[in-house]
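Coordinate inspection notes
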Amino acid sequence: ADGIIVHNCGEQPLPKDGACNLGSINLSQYVIAPFTTIASFDFSEFKNDVAIAIRALDSLIDENLKNHAMDEQKEMSKNYRNIGLGIMGLADTFAKLGIVYGSSKSIDLTETIMKAMLRQSIITSSELAEEFGTFPKYTNELFDSEIIKNVLDDKEIEFYRISGLRNCSLLSIAPTGTLGTMLNISTGIEPNFALSFKRRTISLGGKEEIHDVYCGVAQECIDILGTKSLPKYLVTSHDINWKDRINLQSAAQKYVDTAISSTINLPKEITVEEVEELYLYAWEKGLKGVTIFRDGSREAILTLGNEDTKKGDDFFTRPTELDADVIHFKNDSQQWVAFVGVRDGKPFEILTGPVDMELFPI
């Protein structure tokens with residue numbers, strides 16, 4: 001789980017003094033017999049884990065009440081009990097099932113998964129309400145909302161309306177950048193940025209080595225199939241048309257009561273007119289939010305490593321030498337040191353670590 005995150009975020013639109021309580025489920029773990037002709041998605045186990053995750057996030061609200069920075073945040077969290085369970089590993093799920101991201105099959109599967117996820121979340125939140133009570137600001141008009149009608153029939157709505165809901169919001173798809181990187185899986189609802197890249201390492205003795213590194217799902221495919229020739233269904237963000245990205249996100253949005261964080265990678269050659277068309281199409285398809293990144297528009301967080309970079313004599317080109325202020329301080333009880341590189345009278349970079357030549361070889 002992401003744990004408790006208190007910030008403003010596009011995937012969880014918040015009222016004044018609201019706070020996020022987000023968690024994410026790795027969908028790719030539910031694929032049985034991945035990369036085979038009999039590969040399938042285990043919906044039974046998935047729904048069971050959704051129920052567990054909803055209960056866990058709800059319990060975190062009470063656990064975290066005393067940790068909010070402001071009393072107003074504490075009151076909002078207590079009164080509305082907002083949670084946001086999301087997904088990650090969706091692109092890896094498609095790959096393990098032999099489905100191309102953005103295809104009609106991938107869109108249909110996304111809709112089926114998210115529909116099951118919302119339905120189970122509503123049922124579990126209603127069960128929690130029966131056990132512990134609804135959130136204090138609850139009104140049963142929530143069961144008149146269209147999104148609930150997407151997953152419950154009329155009899156079910158009247159049944160669960162009796163108990164009400166424990167949580168004002170239930171689902172939210174965050175970018176999961178840190179989680180996905182840590183677990184080496186595709187992030188949030190997005191495709192993989194790259195299937196392989198080169199990693200440069202330098203040992204303490206100064207020896208430099210270049211390693212071919214595959215993203216998690218590509219490496220797993222290689223290990224299972226016994227070949228480095230990757231199947232065509234293993235695609236990256238640059239292989240997928242932006243309309244297919246929006247269509248897939250739109251299918252998921254029908255079953256997400258808050259919002260979805262997603263960045264669409266665009267080629268450098270894309271025109272202003274096409275970007276306008278993209279945003280209008282996203283609006284027509286009911287997306288609550290979408291972000292674009294045009295290659296070369298600014299320094300990217302993720303790159304393929306083959307860009308034609310030119311080092312200019314500007315402020316952001318790292319010089320071979322810098323004047324530095326050396327600052328000693330304590331990090332808890334440990335002695336640390338920081339080197340603040342200064343250029344043109346302004347801080348340029350900071351290198352910091354413990355005063356320990358093995359941990360921080362100055």
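Now for a description of the structure that goes with this document. (Residues numbered from 1 in each chain as written. Predicted model: local features only at pLDDT ≥ 70, side-chain atom pairs only at ≥ 80, totals over all residues. Heavy atoms only, no water.)

Observations regarding the sheet that holds strand E12 (residues 346-354)
Overall, antiparallel pairing links the three strands, which are arranged E10-E11-E12 in an open sheet. Here the strands that pair on one side only, and so sit at the sheet edges, are strand E10 (323-331) and E12. Put simply, the sheet's adjacent strands are angled 20 degrees from each other on average, direction ignored. (Pairing = 2+ DSSP bridges. Helix = DSSP H or I, 4+ residues; strand = E, 2+ residues; numbered from the N terminus. Axes fitted to C-alpha atoms, helices over the stretch in contact; angles between N-to-C directions.)

Remarks on helix H6 (residues 154-163)
Each α-helix winds once per 3.6 residues, and so residues spaced three or four apart point in a common direction. The complete set of buried residues in H6 reads Glu156, Ile157, Tyr160, Arg161 and Ser163. The buried residues of H6 occupy one face: seen down the axis, they fall within an arc of 150 degrees. Pointing more than 90 degrees away from the buried face of H6 are the exposed residues Asp154, Lys155, Phe159 and Ile162. Packed against the buried residues of H6 are helix H4 (104-132) and helix H5 (146-149). Sitting at the amino-terminal end of H6 is Asp153, which places a side-chain oxygen 3.2 Å from the backbone nitrogen of Lys155. One or two steps after H6, the chain reaches Gly164, where phi turns positive at roughly 80 degrees. (Buried < 20%, exposed > 50% of the residue type's maximum accessible area, 1.4 Å probe, protein only. Arc of directions from axis to C-beta. Contact = heavy atoms within 4.5 Å. Polar contact = N/O pair within 3.5 Å; in protein donor to acceptor, adjacent residues only side chain to side chain.)

Here we look at the pairing of E10
Sheet analysis places E10 next to strand E11 (residues 334-343), joined by nine bridges and oriented antiparallel. If you follow Ile327 over to E11, its bridge partner there is Ala338. Hairpin connection from E10 to E11: two residues lie between these consecutive antiparallel strands, with Asp332 at a positive phi of about 60 degrees.

Notes on helix H10 (residues 272-284)
Taking 1.5 Å of rise per residue, the 13 residues of H10 would be expected to cover 18 Å, and the 18 Å separating its terminal C-alpha atoms lies within 8% of that figure. Buried within H10 are the following residues: Val275, Leu278, Tyr281 and Ala282. Along H10, the residues classed as buried sweep out an arc of 125 degrees about the axis, all on the same side. Exposed side of H10, more than 90 degrees from the buried face: Val272, Glu273, Glu276, Trp283 and Glu284 are the residues found there. Tucked into the core, H10 has its buried residues touching helix H9 (242-253), strand E8 (263-266) and strand E9 (291-294). (Expected span 1.5 Å × (residues − 1).)

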